[in-house]
Amino acid sequence: MGVEGCTKCIKYLLFVFNFIFWLAGGIILGVALWLRHDSQTTNILYLQLGDKQAPNTFYVGIYILIAVGAVMMFVGFLGCYGAIQESQCLLGTFFTCLVILFACEVAAGIWGFVNKDQIAKDVKQFYDQAFQQALMADSETNNGRAVVKTFHETLDCCGPDNAMGAITPLWRDDLCPKKDSVLKTFLETSSCHKKIDELFSGKLYLIGIAAIVVAVIMIFEMILSMVLCCGIRNSSVY
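Described below are features of the structure shown in this document.

The rules behind the values
- Residues numbered from 1 in each chain as written.
- Predicted model: local features only at pLDDT ≥ 70, side-chain atom pairs only at ≥ 80, totals over all residues.
- Heavy atoms only, no water.
- Helix = DSSP H or I, 4+ residues; strand = E, 2+ residues; numbered from the N terminus.
- Expected span 1.5 Å × (residues − 1).
- Buried < 20%, exposed > 50% of the residue type's maximum accessible area, 1.4 Å probe, protein only.
- Polar contact = N/O pair within 3.5 Å; in protein donor to acceptor, adjacent residues only side chain to side chain.
- Disulfide = S-S within 2.5 Å.
- Axes fitted to C-alpha atoms, helices over the stretch in contact; angles between N-to-C directions.
- Parallel < 35°, antiparallel > 145°, perpendicular 65-115°, else oblique.
- Left-handed = near helix turned anticlockwise from the far one by under 90°.
- Contact = heavy atoms within 4.5 Å.
- Nonpolar A, V, L, I, M, F, W, Y, C, P; charged D, E, K, R; others polar.
- Salt bridge = Lys/Arg side-chain N within 4 Å of Asp/Glu carboxyl O.
- Core = buried A, V, L, I, M, F, W, Y, C linked by side-chain atoms within 4.5 Å.
- Phe/Tyr/Trp six-rings, centres within 6.5 Å; stacked < 30°, edge-to-face > 60°.

### Observations concerning helix α5 (residues 144-155)
When the terminal C-alpha atoms of α5 are compared, their 17 Å separation across twelve residues agrees well with the 16 Å that a helix rising 1.5 Å per residue should span. When α5 is considered as a whole, its buried residues turn out to be G144, V147, V148, F151, H152, T154 and L155. Trailing α5 by a residue or two, D156 shows a phi angle of about 55 degrees, which is positive.

Pasting the structure below:
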């Protein structure tokens, strides 16, 4: 015997929420793959300075997002099927998966909050080392010049956020993106430290919004799945 009345409404409401959850998982998976293959981050984070690789902390978060998106799509499908079939077993499994996912999301959120400034800081330190090598060393003996030019061309910037960086467009214009004139290069070129902060803070902001939306949906789904499960159990008694 199927559920009736308000419980039936909850059943279809849970199905709708699960479909939205499944779509959200697909969107997160798509965004994560886009961030993973975005030309700006890829050009910078694949760089290598001598034996030192560019910091990969950002990619750790991206791989977590890819895994979360894939799991969300599976769990969303499980919830939809469990709601339509009115299966207590599937709904119980769905609820357990949601609790685990929610706990993982909270842990990832705490990790992201703690490391939100560290990602940009590590990349800026890597850039500063390459910049020093590009200024002082011969390009034949190291690849510092190539690393710096990749930063400059990708982010349309020149120099670090200090006095030396401010005058770099004037005395080392060969390292900076080409403008119509030296004066225009000096006036219009931004600091690379500023551009690195903008690059990663913008992407982390996008990830944060997606995480909050998903967390709200998950809370509603946990409540609805338990109410529906209780409704199915009670309806089977009568």
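### Side note on the environment of T96
On the secondary structure map, T96 appears in helix α4 (residues 88-136). Within polar-contact distance, the side chain of T96 engages the backbone oxygen of G92 at 2.9 Å.

### Thoughts on the state of the cysteines
Tallied over the entire structure, the rule returns one disulfide. Residue pairing for C157: its cysteine sulfur links by disulfide to C192, the two sulfurs lying 2.0 Å apart. Residues C157 and C192 are joined through a disulfide that is right-handed, its torsion about the S-S bond being 90 degrees. Here the residue C157 occupies a position in the loop between α5 and α6 (163-171), and C192 occupies one in helix α8 (residues 192-237), the gap between them amounting to 35 residues.

### Let's talk about the packing of helix α1 (residues 6-37) against α4
Close contact between α1 and α4 brings their axes to 14 Å; oriented N to C, the two are set at 45 degrees. By the angle class used here, α1 and α4 are oblique. Taken as a pair, α1 and α4 cross one another with a handedness that is left-handed. Residues L14, N18 and F21 of α1 form the contact with α4, whose participating residues are L91, F94, L98 and L101. For the contact of α1 with α4, the class distribution of residues is six nonpolar, one polar and no charged.

### Focus on the pattern of salt bridges
Following the criterion strictly, the structure yields two salt bridges and no others. A salt bridge links E86 to K11; its shortest N-O distance comes to 2.9 Å. With E86 in the loop between α3 (57-85) and α4 and K11 in helix α1, this pair connects stretches of sequence that are 75 residues apart. Each member of the pair, E86 as well as K11, is classed as buried.

### So, the nonpolar core
Soluble globular proteins tend to bury their nonpolar side chains together. In terms of nonpolar packing, the biggest core is built from 23 residues, with L14, F21, M72, L98, V214 and L228 touching the most fellow members. Mapped onto this core, the elements with two or more residues apiece are α1, α3, α4 and α8. Setting aside residues no more than four positions away along its own chain, V214 makes contact with F21, A24, I28, M72 and E105. Ranked by size, the runner-up nonpolar core spans 19 residues in total, among them Y127, V147, C192 and F200.

### Quick look at the packing of α4 against α5
A pair of packed helices is characterised by two quantities: the angle between their axes and the separation of those axes. Running from amino to carboxyl end, α4 crosses α5 at an angle of 125 degrees, the nearest separation of the two axes being 8 Å. Taken together, α4 and α5 sit at an angle that is classed as oblique. As for the relative orientation of α4 and α5, their crossing is left-handed in sense. Taken together, the residues of α5 that come into contact with α4 (itself represented by V123, F126, Y127, A130, F131, Q133 and A134) are G144, R145, V147, V148, F151 and H152. Taken together, the residues of the contact of α4 with α5 sort by class into nine nonpolar, three polar and one charged.

### Concerning the packing of aromatic side chains
With the rule as written, the count across this model stands at six aromatic pairs. Taken together, the ring pairs connect F126, Y127, F131 and F151 into an aromatic cluster.

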